[in-house]
2 protein chains.
Amino acid sequence: MKSKDNASETLAKGLKILDLFGVSDAGYTLNQIAGRVGINKTSVYRYVNTYCELGYLQRDERTRLYKLGVRSLALGHAMLENSEIVRLVKPLVDEAHERHNVHVDVGIVSGDAIYLIYRRESKYTTAFRSFSYASDLYYLATGKAAMAYMEPEELRQLVERLELHPKTDKTITDKQELLEELRRVTELGYSYNNEESVPGLIAIGAPLYSLRTNKVIGGVSFDSATDTHTMKEFERLYSTYLVELAKKISAVVSL
Amino acid sequence: MKSKDNASETLAKGLKILDLFGVSDAGYTLNQIAGRVGINKTSVYRYVNTYCELGYLQRDERTRLYKLGVRSLALGHAMLENSEIVRLVKPLVDEAHERHNVHVDVGIVSGDAIYLIYRRESKYTTAFRSFSYASDLYYLATGKAAMAYMEPEELRQLVERLELHPKTDKTITDKQELLEELRRVTELGYSYNNEESVPGLIAIGAPLYSLRTNKVIGGVSFDSATDTHTMKEFERLYSTYLVELAKKISAVVSL
DNA sequence: AACAGTCGTTCCGGTGAGAGGAACAGTTCG
DNA sequence: CGAACTGTTCCTCTCACCGGAACGACTGTT
């Protein structure tokens, strides 16, 4: 184990387990958990036991698998309700969602990842419920919008340590190509996701600013499916609303 | 420290900190955290550092206080989205909320506590946003409804280890009185919360069953304010809808 | 300028909680 | 019946955690 100072390795390992339950509703067996997080079974056993005793995890009575406990759900719910940023973003996204009947995602950048903190689905996108709560930036509309508006030096360093793994056959895997695309984003004011993360899923994204610090904090996207809209259609119909929404959100979020 | 076997004390302590951030949107200082959770400052420092490095917590740039990080929000959001029970409950509660324009709470019992896993507010109750995600059962409409329909032996044991602390001057603090009230609940089919948790806040609650095991799993409540409805009015207007909603939820939730 | 009161941070020594390999028992599968 | 799972316990070793104390950096008070 690489030992960073001033941090609890035990806690960090324990959190990796909780993390696992954020990406899937399916239950896990003890060995599966141990395998996924890369910790030996005995330790995982102790951690999982701790979670269960406290109510964060519980065992499904039928399948005997470990799954999320009520306490995690309640805690998650409470965190969202109490979070200032979610409380500010929610009504604006809801309004846009209801008015234009479109799928909306809001992602916030932290470290080298973008985190999905709010989503409103449309009937066209429910088929694509691939729900990873944390993603790399380079294959998402929200992420590319955020990258495009980063400070040049920040972006340079990010791209340098980036590894471009293809999610689909349309994922951009060349750094030069990515940088050129990002330049086009700044000209246009919004980004594309042209089936780069999931086949059949397209999106346009716009950056979210903090007007106080003038720095990018994330992105917002409208999503649709290729059998519903072509990219050109989708762009023509919604891009102005998207940019408008992004500005509204940026205005109320004074991080 | 009392040492329970097969559990990680370090992880348990670390989770107490995360828990703290579920009950309030206010930031905390390191010493405040240490005080609240009852752990010495140095350990808390290590835990908090771990959380920050991983993005679960972050420091507010202005106030320098520790607050929830984006990762926690995204994880919470993901857990709720992925949770089967939330996904089942949500549409039913939303429908009732929109049709009757009333505040709805859904609580699930785990251990000796009831956890709020979904809420839709009305304009009458927003003033009361006291948001503790886990509560004792005896002063809530959801909790009392759940208690009333527990198996006799289970209830007896629960009441035995109960300590009835008054939350308001109307909170029931006598075990005999509580048991009598619960008996009346079973006759009526729903419970009251007559300003027993927060002054000015009233509610009626109905139990949620698992039809498979025939056991209580929680409760659902409609809430209002004393300056909007008297208890009699509120009961007359909404009790049938509440019981109806509780049955619907119980039907879809086959835990 | 000296003060008291915060804040987060570091240092350090003693110890016990956690690590983790191995073997366990209980089950489902074919 | 064995094979492949499951969760669980036992064991020893050691290192990561504990926690009191002292630190420097700020802030506001006198």
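For the structure, check the block above.
Worth saying up front: this structure is predicted, and the values here are computed from it rather than measured.

What counts as what
Residues numbered from 1 in each chain as written. Chains lettered and ligands numbered in written order. Predicted model: local features only at pLDDT ≥ 70, side-chain atom pairs only at ≥ 80, totals over all residues. Heavy atoms only, no water. Helix = DSSP H or I, 4+ residues; strand = E, 2+ residues; numbered from the N terminus. Buried < 20%, exposed > 50% of the residue type's maximum accessible area, 1.4 Å probe, protein only. Least-squares fit on C-alpha atoms with pLDDT ≥ 70 in both. Contact = heavy atoms within 4.5 Å. Near = heavy atom within 4 Å. Polar contact = N/O pair within 3.5 Å; in protein donor to acceptor, adjacent residues only side chain to side chain. Nonpolar A, V, L, I, M, F, W, Y, C, P; charged D, E, K, R; others polar.

Time to look at unusual backbone geometry. Residue and element names in this part refer to chain A. Notably, Arg 64 is not glycine yet its phi reads approximately 65°, a positive angle. Among the secondary structure elements, Arg 64 is positioned in the loop between strand S1 (57-59) and strand S2 (66-68). Judged by its relative accessible area of 49%, Arg 64 is partly exposed. Backbone geometry at Asn 214 places phi at a positive 65°, although glycine is not the residue there. Within the secondary structure, Asn 214 is located in the loop between strand S7 (201-210) and strand S8 (215-225). In this structure Asn 214 comes out as exposed when scored by relative accessible area, which is 57%.

Expressed as a screw transformation, the operator carrying chain B onto chain A has a rotation angle of 180° and an axial translation of 0.0 Å, and the superposed copies differ by an RMSD of 0.1 Å. In short, the pair behaves as if placed about a two-fold rotation axis. Judged by C-alpha distance, Gly 76 of chain B is the residue of chain B that lies nearest the rotation axis, at 1.9 Å. Taken together, the interface assignments show that 100% of the residues at the interface of chain B recur at the interface of chain A, consistent with an identical surface on both copies.

A few words now on the protein's contact with DNA strand D. Near DNA strand D you find 20 residues, and of these Glu 9, Leu 30, Asn 31 and Tyr 45 of chain A together with Tyr 47 of chain B are the closest. Within 4 Å of the protein, the contacting atoms of DNA strand D are 70% sugar and phosphate, with bases supplying the remainder. Contacts to DNA strand D include Glu 9 of chain A, whose backbone N or O atom sits 2.6 Å from a phosphate oxygen. Lys 13 of chain B is positioned with one of its side-chain polar atoms (N or O) 3.4 Å from a phosphate oxygen of DNA strand D. Contributions of two or more residues to the surface near DNA strand D are made by helix H1 (9-20), helix H2 (30-37) and helix H3 (41-54) of chain A together with helix H3 (41-54) of chain B. Take the surface near DNA strand D: its biggest share by element is four residues, from H3 of chain B. Residues of the surface near DNA strand D, tallied by class, amount to six nonpolar, nine polar and five charged.

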